[in-house]
Amino acid sequence: MSERTSALDALVFGVDVQSGDVRGDAPSYALVVYDGERLDRDVVSYRKLRRLIEDEQPALVATDNMYELASDKDALVHFLRELPDGTGLVQVTGDERPEPLSRVASRHGVPYGKDPMEEAEAAARLAAMNVGQEVSAFTDTTEVKVARGRSTGKGGWSEDRYTRRIHGSVKETTRDVESELDGAGLDYERDVTEKYGGFANAVFEVEARPEDIPVSARRNGDVRVEIERLRRDGIEFEPLVKRRDHVVVGIDPGTTTAVALADLDGALLDVLSTRTADTAEVIEWIIERGRPVVVAADVTPMPETVEKIRRSFDAAGWTPEKDLPVDEKQHRTREQSYDNDHERDAMAAALFAFDDREDQFDRITEKVPAGVSRGEVIARVVAGEESVETALTDLTEDDGDEEEETTEHTVRELSEEEKRIKQLESQVERLKSHVSDLEATVSEKDDRIAELEDELTEARREERRDARERRQVSRLERETDRLERELDERDERIEELEDKFARLKQLWKLDHSNFSDVAAEKKDLIPVKPVRKFTKDAIREAHENYGLAEDDVVYLRDASGAGRSTAERLAEVNPRVVLKEGGISDVADDVLFDHGIPVGPADDVTMQEVDELAVARESEVEAVVDDWHDRAEQRRIEQKSEQLDRLISEHRADRQYDRGSSST
């Protein structure tokens with residue numbers, strides 16, 4: 001299978017400076033518009049180039065040097081920020097150390113010339129073939145900010161009402177945005193600043209690009225919504241198509257099949273878990289991402305499915321001496337993220353296989369000279385069971401015979417034969433002397449080459465040590481950042497709970513003047529936790545606001561419309577009793593009944609609501625519970641009676657059928 005996908009079937013702009021300088025005044029650009037069939041050429045100004053990009057929104061804007069479109073790093077970031085969603089900037093000559101465009105074009109069989117228009121065409125064709133590195137200054141995380149669209153003003157008779165209205169609008173828009181993100185199934189974190197009457201602002205960090213978010217930037221009266229991708233620390237490059245490097249593969253087969261790929265340095269590259277893909281599709285997924293050197297499982301012996309995949313790649317196999325314990329797999333993958341246990345097991349298989357082979361990989365790497373593929377040598381030695389020397393010989397031998405240089409001497413015809421002989425003898429002496437000098441030079445250079453190879457081997461070893469240390473430092477820094485974020489979130493949660501605790505203490509200090517017959521018996525009062533509607537969102541909102549716990553008295557302001565899953569969510573809380581307003585669905589009533597949760601009308605209990613909570617008389621709640629138990633007992637008796645009647649009817653029907661059969 002080719003290591004590069006087929007050409008893009010999309011619009012590509014190839015760009016090169018025609019005249020002037022982006023750092024100077026009014027540069028002009030050679031522009032080639034290419035879509036696989038159409039090839040249009042034009043010379044445009046920088047302003048017109050930006051307008052064409054905005055209007056036609058190509059998939060890629062390709063150039064041989066990204067700084068032909070921007071004078072410096074800040075200008076480049078600005079250029080990238082202004083690109084339409086779905087348009088990428090590609091440097092076809094590589095990343096921080098670009099190659100000459102002529103060399104890249106020659107390698108991929110693309111026509112090349114030194115004229116700017118020909119260079120622009122070569123860049124467009126190369127990008128359409130998925131050659132090059134996409135330039136990125138932003139992460140795949142997008143910040144969606146909901147804020148006030150206008151100032152709350154200074155003073156005035158209606159300032160409080162005006163401020164409350166603005167903050168209320170921000171809060172309402174925040175809930176709309178949150179609902180849209182939930183509906184799209186996107187992961188996000190929300191940070192809200194609460195103010196009088198609602199929210200002053202809300203910031204969502206969404207794990208998606210702007211084009212994948214169902215929210216648009218807008219400004220509408222009291223509220224504005226801003227959308228901006230989070231910027232990286234610097235400029236990064238990502239290949240349009242990743243090379244299929246040699247990899248270690250870990251597989252966890254079963255109803256859910258998981259596959260993990262790690263490179264020959266032990267870094268995880270990709271992971272897949274699927275319930276629908278068959279073995280052929282799993283093999284195709286692996287082929288698209290790498291060339292397996294080792295295929296591993298986390299159990300022994302190797303499962304048949306894993307063995308089949310291993311044989312299809314002629315890769316080496318790896319299994320542990322005994323099945324890997326769960327705690328060891330969890331420890332080995334503790335720095336990785338995964339969605340399920342199957343992905344974890346596949347990752348663990350790949351990483352443990354790498355650990356077992358790491359020393360062998362290092363020994364082979366030390367013997368691989370510059371210019372030879374390290375991965376290819378490791379694959380031949382590990383999977384092909386060749387020696388390092390044999391593999392290197394096969395990889396370094398030339399495909400064609402080198403032309404031997406021959407030097408022909410043409411002897412001029414001279415009249416004096418002896419003079420000619422003397423000249424030739426003198427020439428031979430000079431050549432012998434020159435050969436001796438050359439042999440000494442070759443010996444010196446061989447010694448120098450051996451010395452440099454030793455230095456190179458040591459430098460590679462030092463670089464690998466440094467790389468491992470850098471990866472460890474990066475992991476520790478990420479872990480530190482994560483712990484700091486958790487600490488901040490915990491502090492915020494503590495503040496929130498302290499505020500709620502203060503409100504609850506105030507609740508018990510309130511004047512119960514509406515309970516004229518309970519003024520002297522305050523111990524008869526119990527808290528009631530209202531839920532605005534019998535839905536999952538309302539239950540979650542109530543739990544976030546003041547917590548729903550076992551033996552709570554829950555008050556449903558609107559009990560209609562709930563289904564089985566919503567009722568089961570409430571049943572998980574295991575409340576003492578559910579007080580309801582309005583009718584409840586039969587399905588929800590059956591679920592609560594099956595879980596033994598009393599349900600009664602809220603009208604039977606006198607409640608006083610304060611802020612988000614309420615209080616009620618203990619005696620009235622007990623009465624509702626007792627009444628439910630009486631009705632529940634009667635309901636069980638009726639159910640048993642119905643079951644008995646049904647059994648009798650079925651028995652009679654069976655006897656009639658038997659009589660009819662015997663009579664025939």
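Since this is a predicted model, take the numbers as computed values, not measurements.

A.B. asks: Describe helix 13 (residues 536-546), listing the residues and the values that go with them.
C.D. replies: Those residues of helix 13 not exposed but buried are Ala538, Ile539, Ala542 and Tyr546. On an axial view of helix 13, the arc spanned by its buried residues comes to 100°, and they lie on one face. Gly547 sits one or two residues past helix 13 and shows a positive phi near 80°.

A.B. asks: So what about the pairing of strand 18 (residues 577-580)? Which residues, and what values?
C.D. replies: Side-chain direction in a regular strand flips from residue to residue, so the side chains alternate between the two faces of the sheet. Every second residue of strand 18 is oriented toward a common face, with Val577 and Leu579 on one face and Val578 and Lys580 on the other, all of them buried. Sheet topology places strand 17 (residues 553-556) next to strand 18; 4 bridges connect them, and they run parallel. Across the sheet, residue Val554 finds its bridge partner in strand 18, namely Val578. As a crossover connection, the stretch from strand 17 through helix 14 (residues 564-573) into strand 18 is right-handed. Where strand 18 and strand 19 (residues 599-601) come together, 3 bridges link them in parallel fashion.

A.B. asks: Please give an account of the confidence of the model for the protein that cites residues and values.
C.D. replies: Averaged over every residue, the pLDDT of the protein is 83; residues scoring 70 or more account for 87%. Across residues 1-7, where pLDDT falls below 50, the model places 19 contacts with residues more than four positions away in sequence or in other chains. Residue range residues 398-415 is modelled with pLDDT below 50. Its contacts to residues more than four positions away, or to other chains, number 6 contacts.

A.B. asks: Please give an account of the packing of helix 9 (residues 341-367) against helix 10 (residues 374-382) that cites residues and values.
C.D. replies: Between helix 9 and helix 10, the least distance of the axes is 10 Å, while the angle of their chain directions is 120°. Considered as vectors, helix 9 and helix 10 are oriented oblique to each other. The handedness of the crossing between helix 9 and helix 10 comes out as right-handed. Residues Arg357, Gln360, Phe361, Ile364 and Thr365 of helix 9 lie in contact with helix 10, whose contacting residues are Arg374, Val377, Ile378, Val381 and Val382. Broken down by class, the residue content of the contact of helix 9 with helix 10 amounts to 6 nonpolar, 2 polar and 2 charged.

A.B. asks: Can you break down the pairing of strand 14 (residues 291-296) residue by residue, with the values?
C.D. replies: The buried fraction of strand 14 is high, at 5 of 6 residues. Here 3 bridges tie strand 14 to strand 15 (residues 316-318), and the two strands are oriented parallel to one another. Following the sheet pairing, Val295 is matched in strand 15 by Gly317. In the classification by handedness, the crossover that spans strand 14, the intervening helix 7 (residues 304-313) and the parallel strand 15 is right-handed.

What counts and how
Residue numbering note: each chain is counted from 1, following its sequence as written. Selection of residues for local features in this predicted model requires a pLDDT of at least 70, selection of side-chain atom pairs for listing and counting requires 80 or more, and totals for whole chains, interfaces and linings are taken over all residues. Neither water nor hydrogens contribute to the side-chain values; these are computed over all heavy atoms in the structure. Accessibility here uses a 1.4 Å probe with only protein chains present; expressed as a share of the type maximum, an area under 20% marks a residue as buried, one over 50% as exposed, and anything in between as partly exposed. For the purposes of this entry, the term helix denotes a DSSP run of H or I that reaches at least four residues, the term strand denotes a run of E that reaches at least two, and both are numbered from the N terminus. Taking the helix axis as origin, the arc is that swept by the directions to the C-beta atoms. When DSSP finds two or more bridges between two strands, those strands count as paired. The handedness rule is simple: strands pointing away from the viewer, and a clockwise path from the first strand over the helix to the second, make the crossover right-handed. Residue-level confidence of the predictor is what pLDDT reports, using numbers from 0 through 100. A contact between two residues is defined here by any heavy atoms of the two lying within 4.5 Å. In this description, a line fitted to the C-alpha atoms serves as the axis of each element, helices being fitted only across the stretch in contact, and the angle between N-to-C directions of two axes falls anywhere from 0 to 180 degrees. Put simply, angles under 35 degrees are roughly parallel, angles over 145 are roughly antiparallel, angles from 65 to 115 are roughly perpendicular, and the rest are oblique. Handedness of each helix crossing follows the sense of rotation of the near helix against the far helix: counterclockwise by less than a right angle gives left-handed, clockwise gives right-handed. Classes in brief: Ala, Val, Leu, Ile, Met, Phe, Trp, Tyr, Cys and Pro nonpolar; Asp, Glu, Lys and Arg charged; the others, Gly included, polar.

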